[in-house]
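# Structural overview
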Amino acid sequence: MSAQIPTKFEQLFKKVDELKPQFIDVVAQAVAIPAVSSDETLRPQVVKKAHFLVQQLESLGFTDIQLKPLGLQPPPVSNPNLELPPVILSRYGNDPQKKTVLVYGHYDVQPAFKEDGWDSEPFELVVDEEKGLLKGRGATDDTGPLTGWLHVVRAHKEAGVEFPVNLITCFEGMEESGSLGLEELIAKEANGYFKDVDAVCISDNYWLGTKKPVLTYGLRGCNYYQVTIEGPQADLHSGVFGGIIAEPMIDLVKVMSTLVDSDGKILIKGVDEMVAPMTEKERKLYDNIDFSLDELNKASGSNTALYTKKEDILMHRWRYPSLSLHGVEGAFSGQGAKTVIPAKVIGKFSIRTVPDMDSAKLDELVIEHCEKAFAKLNSPNKCKAELIHDGAYWISDPHNAQFTAASKATRLVYGVEPDLTREGGSIPITVTFQDQLKTSVLLLPMGRGDDGAHSINEKLDISNFINGIKLMAAYLHYYAESKEI
Ligand code: BES
Ligand code: MN
Ligand code: MN
């Protein structure tokens with residue numbers, strides 16, 4: 001470490017290095033709880049993980065810890081009495097002389113099964129010191145980064161360095177399923193629990209590539225839909241009924257095939273027209289970003305890219321909408337050959353939204369499109385298209401006190417100037433914080449672009465974990481010192 005580094009950072013960073021085994025142990029305990037928000041049967045596990053985090057917060061000396069209930073999960077849902085997982089509010093420090101930073105993270109995770117192709121049990125954290133990796137569901141999305149904030153507090157306490165800001169946590173358990181219920185809570189607490197918040201920081205995205213740290217100022221939104229097609233009362237034998245009844249699965253495949261082309265073009269009329277036009281100023285921003293087709297191919301583990309030029313790839317990830325087909329509930333998906341005609345199938349797809357798309361208008365266009373496509377089939381089956389959840393896109397100005405503090409922190413920890421990026425993914429609640437709390441939001445990622453969030457063998461590099469904790473700490477100090485809010 002060079003001589004110019006202030007002593008407080010030297011002390012803090014040394015402590016972070018010393019506490020590495022303890023920090024990893026907390027991640028391991030958290031990852032061991034399969035908090036999958038989309039699986040209704042696993043809801044008790046999501047709640048269990050909330051309680052685990054509360055224990056951690058208590059032991060660190062956080063105060064005013066509240067598990068906020070969000071009521072019942074709205075339809076469509078199988079169990080109409082299903083409670084949404086609680087939001088964890090807590091504070092560390094309450095000094096009116098200090099700035100207040102709200103940190104948001106999510107403790108729920110995506111589903112994971114060893115059979116999907118994992119090399120190890122997804123809910124048992126593997127600490128691979130040789131490769132320098134933490135592997136397990138949630139390692140990078142978002143259990144590792146979320147616990148990072150707790151480790152920052154612990155490092156301060158054990159190093160005897162004064163905490164520079166008042167910290168407020170808002171940890172939710174429903175992010176992977178559209179952050180249901182959270183918007184209302186934030187609106188309600190804007191003048192309550194969140195009254196004094198000066199800035200919001202979210203660590204729930206990734207570097208663009210694998211080497212260069214980034215700060216992020218934009219996200220796409222996500223509107224998630226389902227199309228249900230029902231016919232016979234129960235699944236049927238295709239030898240007995242094949243060819244003489246209308247099959248829901250055949251209708252569904254037809255309807256879903258009208259949504260998007262193999263080259264990624266969205267076929268729903270009126271969608272492209274809502275996208276903000278490109279300006280020269282925006283076009284220039286792509287020139288300086290460190291990225292290549294090669295990195296995309298490495299991250300996807302294939303040569304399946306639709307574009308070859310860096311600019312085209314980034315624009316289609318960041319500033320154009322995309323439509324993905326995700327799956328079919330109720331369809332036969334097991335091994336082997338089952339001669340079944342599924343009685344009811346539910347097709348799932350989503351559209352990533354961008355400025356200036358209007359979410360309600362999009363829903364109208366999508367639902368009408370599906371209804372028309374189904375009507376053309378003249379099928380006696382029943383079809384219903386509906387929205388499951390929507391999360392707004394977000395874009396902000398990356399030149400404010402928070403981003404400046406985070407750039408300085410990046411230079412301190414990594415010795416480089418971060419790239420300023422947008423993301424193709426979504427964190428639905430980001431814009432709500434910005435609008436309701438009237439604060440700026442900073443996305444400060446911990447992991448890398450090849451971490452495999454939502455995929456098999458999800459990992460977080462140990463160096464990103466440890467440097468990420470230092471980065472969070474340094475950002476809080478520099479932000480605390482900055483003159484503007
Ligand atoms: N951490 C991601 C958001 C993200 C994804 C940021 C990719 C950057 C790149 C978050 O947990 C997530 O997966 N969000 C969902 C939200 C959706 C369910 C509304 C997503 O993007 O699919
Ligand atoms: Mn996430
Ligand atoms: Mn995710």
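In this text the structure is predicted, and so the values were computed from the model without any measurement.

### Some remarks on the pattern of salt bridges
Evaluated as defined, the whole model comprises 26 salt bridges. A salt bridge links Lys-459 to Asp-451; the nearest nitrogen and oxygen atoms lie 2.7 Å apart. For Lys-459, a relative accessible area of 9% puts it in the buried group. Look at the salt bridges and you will find they share partners, linking Arg-448, Asp-450, Asp-451, Lys-459 and Asp-461 into a network.

### Regarding the sheet that holds strand S14 (residues 382-391)
The four strands lie next to each other as S11-S13-S9-S14, forming an open sheet whose pairing is antiparallel. The sheet is open, and its two edges are formed by strand S11 (322-329) and S14, each paired on a single side. When strand polarity is set aside, the average angle formed by the axes of neighbouring strands in this sheet is 20°. Bridge count for strand S9 (residues 221-230) against S14 is nine bridges, and the pairing is antiparallel. Considered in S14, the bridge of Tyr-225 is made with Leu-387. Sheet contacts for helix H7 (residues 248-257): S9, S11 and strand S13 (344-353); angle to S13, the most-contacted strand, approximately 15°.

### Digging into the coordination of the manganese ion (ligand 3)
Coordination of the manganese ion (ligand 3) by the protein involves Asp-141 (OD), Glu-176 (OE), Glu-176 (OE) and His-454 (NE2), with metal-donor separations of 2.1 to 2.5 Å. Seen from the manganese ion (ligand 3), its six donor atoms lie at angles of 55 to 155°, and the figure they make is irregular. All donors to the manganese ion (ligand 3) come from one chain, and their sequence spacing reads D-x34-E-x277-H. Here the manganese ion (ligand 3) and the manganese ion (ligand 2) are spaced 3.5 Å apart, with Asp-141 acting as a shared donor. With Glu-176 in the loop between strand S6 (166-172) and helix H5 (182-189) and His-454 in the loop between strand S17 (440-443) and strand S18 (459-461), this residue pair connects regions lying 278 residues apart in the sequence. The class of Glu-176 is buried, set by a relative accessible area of 16%.

### Here we look at the UniProt feature "binding site: Mn(2+) 1" (unreviewed entry) in the chain
Sites flagged by UniProt as "binding site: Mn(2+) 1" (unreviewed entry) map to Asp-141, Glu-176 and His-454. Separation in sequence by 314 residues is not matched in space for these annotated residues, since their most distant C-alpha atoms are only 9.7 Å apart. Tracing the backbone through its elements, the reader meets Asp-141 in the loop between strand S5 (133-135) and helix H4 (143-159). Residue Asp-141 is classed as buried on the basis of its relative accessible area of 5%. If near-sequence neighbours (up to four positions away) are discounted, Asp-141 is found in contact with His-106, Asp-108, Val-109, Glu-176, Asp-204, Tyr-206, Ala-453, His-454 and Glu-458. For His-454, a relative accessible area of 43% puts it in the partly exposed group. Ignoring any residue separated from it by four or fewer positions in sequence, one finds His-454 in contact with Gln-110, Arg-137, Asp-141 and Glu-176.

### Examining the coordination of the manganese ion (ligand 2)
Distances from the manganese ion (ligand 2) to its protein donors, namely His-106 (NE2), Asp-141 (OD), Asp-204 (OD) and Asp-204 (OD), fall within the range 1.9 to 2.6 Å. Classification of the site at the manganese ion (ligand 2) as irregular follows from its six donor atoms and the range of 55 to 165° in their angles at the metal. Motif for the manganese ion (ligand 2), donor spacing along one chain: H-x34-D-x62-D. A relative accessible area of 0% means that His-106 is categorised as buried.

### Considerations on the site of ligand 1
Neighbouring residues of ligand 1: 16 residues in total, closest Glu-175, Asp-204, Arg-352, Ser-426 and His-454. A distance of 2.7 Å is found between an oxygen atom of ligand 1 and a side-chain nitrogen or oxygen belonging to Arg-352. Contact with the protein chains covers 89% of the free accessible surface of ligand 1, which is 500 Å². For the shell around ligand 1, the residue count by class is four nonpolar, six polar and six charged.

### A word on the pairing of strand S2 (residues 87-92)
Among the six residues that make up S2, six are buried, leaving the element largely enclosed by the rest of the structure. Sheet analysis places S2 next to S6, joined by five bridges and oriented antiparallel. Residue pairing for S6: Arg-91 is matched across the bridge by Ile-168.

### With respect to the UniProt feature "site: Important for catalytic activity" (unreviewed entry) in the chain
In this structure's numbering, the residues bearing the UniProt feature "site: Important for catalytic activity" (unreviewed entry) are His-237. Among the secondary structure elements, His-237 is positioned in strand S10 (residues 236-237). By relative accessible area, which is 44% here, His-237 ends up partly exposed.

### Focus: the packing of aromatic side chains
The tally for this structure, following the rule as stated, stands at ten aromatic pairs. Between Phe-9 and Phe-13, the aromatic rings sit 5.7 Å apart at their centres with planes inclined by 35°, giving tilted as the arrangement. Taken together, the residues Phe-9 and Phe-13, both in helix H1 (residues 7-18) and four residues apart, mark about one turn of the helix. On the basis of relative accessibility, which here comes to 4%, the residue Phe-13 falls in the buried class. Ring geometry for Phe-62 versus Tyr-92: centroids 5.2 Å apart, planes at 45°, classification tilted. Of the two residues, Phe-62 sits in the loop between helix H3 (43-60) and strand S1 (63-68) while Tyr-92 sits in strand S2, which places them 30 residues apart along the sequence. Comparing Phe-62 with Tyr-92 shows no difference in burial state: the two are buried. One residue, Lys-99, lies across the ring of Tyr-479, its end atom 4.8 Å from the ring centre. Positioned above the aromatic ring of Tyr-320 is the side chain of Arg-319, whose terminal nitrogen or guanidinium carbon lies 5.0 Å from the ring centre.

What counts as what
- Residues numbered from 1 in each chain as written.
- Chains lettered and ligands numbered in written order.
- Predicted model: local features only at pLDDT ≥ 70, side-chain atom pairs only at ≥ 80, totals over all residues.
- Heavy atoms only, no water.
- Salt bridge = Lys/Arg side-chain N within 4 Å of Asp/Glu carboxyl O.
- Buried < 20%, exposed > 50% of the residue type's maximum accessible area, 1.4 Å probe, protein only.
- Pairing = 2+ DSSP bridges.
- Helix = DSSP H or I, 4+ residues; strand = E, 2+ residues; numbered from the N terminus.
- Axes fitted to C-alpha atoms, helices over the stretch in contact; angles between N-to-C directions.
- Contact = heavy atoms within 4.5 Å.
- Donors = N, O, S within 2.8 Å, 3.2 Å for Na, K, Ca; no water.
- Tetrahedral: all angles 85-135°; square planar, octahedral: opposite > 155°, others 65-115°.
- UniProt positions renumbered as here; feature names shortened; annotations may be inferred.
- Near = heavy atom within 4 Å.
- Polar contact = N/O pair within 3.5 Å; in protein donor to acceptor, adjacent residues only side chain to side chain.
- Areas by Shrake-Rupley, 256 points an atom, 1.4 Å probe, with all protein chains shown as cover.
- Nonpolar A, V, L, I, M, F, W, Y, C, P; charged D, E, K, R; others polar.
- Phe/Tyr/Trp six-rings, centres within 6.5 Å; stacked < 30°, edge-to-face > 60°.
- Lys NZ or Arg CZ within 6 Å of the ring centre and 35° of its normal.

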